[in-house]
Amino acid sequence: MYACRMQLAIEIQKGAAVPIYAQLTEQIRLLVHRGVLEPGDAMPTVRMLAVHLGINANTVARVYRDLQREGVLRLERGVGTFVAELSEGQVTPADFRAITKKAEKLVQISRKAGLRVSEVTRLVENLWKEQKDAEG
């Protein structure tokens, strides 16, 4: 068995409105986007991560399967789960850093202007939808 060489910085809030499955999926995805998890890195086993987080192993298995379908993880039966190589259309760590810097600037300007986070969120969602509609 291939051992995971790192302890993942994942926090699950069990009482949160966001389901545990969604929290775990998003946090793993962000670790990959930030470059904390790099292509080829071994992920903890389903059981090991479930025990560490105090959640159901079926939840972790589902997250791993779904992230495999997205191309974020690569499952090798009998060997382990690994971070997949980036493919075209996936966010690179450098892209993610650039996006983060722009988002920080948006937050700074929005706060200075007195906008609420809900207003900024709605603005971004509307712009996202408008751009998607214009492309399609």
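Further up the page is the structure itself.
These figures come from a predicted structure and were not determined experimentally.

Student: Got a sec to walk through the overall build of the chain? Specific residues and values, please.
Tutor: Helices and strands together make up the secondary structure of the chain, namely 5 helices and 2 strands. For the chain, the N- to C-terminal ordering of α and β elements is α-α-α-β-β-α-α. In terms of principal-axis extent, the alpha carbons of the chain reach across some 55 × 35 × 25 Å. Every one of the 136 residues in the chain was classed for burial, and the buried ones make up 28%. The long-range share in the chain, meaning contacts at least 24 apart out of those at least 6 apart in sequence, stands at 54%. Surface accessibility of the chain: about 9,800 Å² in total, with carbon and sulfur atoms responsible for 54%. Here the chain contributes 20 positively and 16 negatively charged side chains, and the mean placements of these two sets differ by 5 Å.

Student: I'd like a description of the pairing of strand β2 (residues 80–83), backed by residues and values.
Tutor: When strand β1 (residues 73–76) meets β2, the two strands line up antiparallel, connected through 4 bridges. Across the sheet, residue leucine 73 finds its bridge partner in β2, namely valine 83. Here β1 folds back onto β2, and the loop between the two strands holds 3 residues, one of which, glycine 78, carries a positive phi near 80 degrees.

Student: Tell me what's going on with helix α3 (residues 57–70), and back it up with residues and numbers.
Tutor: With 14 residues, α3 extends 20 Å between its outermost C-alpha atoms, agreeing within 8% with the 20 Å of an ideal straight helix rising 1.5 Å per residue. Those residues of α3 not exposed but buried are Val60, Ala61, Val63, Tyr64, Asp66 and Leu67. Where α3 is buried, its residues meet α1 (20–33), α2 (46–53), β1 and β2. Capping the start of α3, asparagine 56 holds a side-chain oxygen 2.6 Å from the backbone nitrogen of asparagine 58, two or three residues further along. Taken from the residues just after α3, glycine 71 is the one with a positive phi, measuring 90 degrees.

Student: I'd like to hear about the packing of α1 against α3, residue by residue, with values.
Tutor: Two elements in contact, α1 and α3, have axes separated by 10 Å at closest approach and are oriented at 45 degrees. Put simply, α1 runs oblique to α3. Note that α1 runs across α3; the crossing there is right-handed. Contact residues: Ile20, Tyr21, Leu24, Thr25, Ile28 and Arg29 in α1; Thr59, Val60, Arg62, Val63, Tyr64, Asp66, Leu67 and Glu70 in α3.

Student: Give me the packing of aromatic side chains: which residues, what numbers.
Tutor: The way to describe two aromatic rings as a pair is by their centre distance and the angle between their planes. Counted according to the given criterion, the structure contains 0 aromatic pairs. One cation-aromatic arrangement involves arginine 62 over tyrosine 21; the distance from NZ or CZ to the ring centre is 3.7 Å.

Student: An account of the layout of surface pockets is needed here, citing residue identities and associated values.
Tutor: For the largest pocket, the calculated volume is near 620 Å³. Taken together, 17 residues form the lining of the largest pocket, with Ala103, Leu106, Val107, Val120 and Val124 sitting closest to its centre. Elements supplying a minimum of two residues to the lining of the largest pocket: α4 (93–113) and α5 (117–135). It is α4 that provides the largest number of residues to the lining of the largest pocket, a total of 9 residues. Class assignment for the residues of the lining of the largest pocket results in 10 nonpolar, 3 polar and 4 charged. What the second largest pocket holds in volume is close to 330 Å³. Surrounding the second largest pocket, 16 residues form its lining, Val46, Leu75, Arg77, Gly80 and Thr81 being those nearest its centre. If you tally residues by element for the lining of the second largest pocket, the top one is α3, at 4 residues. For the lining of the second largest pocket, the class distribution of residues is 8 nonpolar, 5 polar and 3 charged.

About the thresholds
- Residues numbered from 1 in each chain as written.
- Predicted model: local features only at pLDDT ≥ 70, side-chain atom pairs only at ≥ 80, totals over all residues.
- Heavy atoms only, no water.
- Helix = DSSP H or I, 4+ residues; strand = E, 2+ residues; numbered from the N terminus.
- Buried < 20%, exposed > 50% of the residue type's maximum accessible area, 1.4 Å probe, protein only.
- Contact = heavy atoms within 4.5 Å.
- Areas by Shrake-Rupley, 256 points an atom, 1.4 Å probe, with all protein chains shown as cover.
- Lys, Arg positive; Asp, Glu negative; His and termini not counted.
- Charge placed at Lys NZ, Arg CZ, Asp CG, Glu CD.
- Pairing = 2+ DSSP bridges.
- Expected span 1.5 Å × (residues − 1).
- Polar contact = N/O pair within 3.5 Å; in protein donor to acceptor, adjacent residues only side chain to side chain.
- Axes fitted to C-alpha atoms, helices over the stretch in contact; angles between N-to-C directions.
- Parallel < 35°, antiparallel > 145°, perpendicular 65-115°, else oblique.
- Left-handed = near helix turned anticlockwise from the far one by under 90°.
- Phe/Tyr/Trp six-rings, centres within 6.5 Å; stacked < 30°, edge-to-face > 60°.
- Lys NZ or Arg CZ within 6 Å of the ring centre and 35° of its normal.
- 1 Å grid on protein atoms, 1.4 Å probe; cavity = no way out; pocket = protein on both sides within 12 Å on 5 of 7 lines; lining within 4 Å.
- Points joined across faces, edges and corners; volume = space filled by probe spheres on them.
- Nonpolar A, V, L, I, M, F, W, Y, C, P; charged D, E, K, R; others polar.

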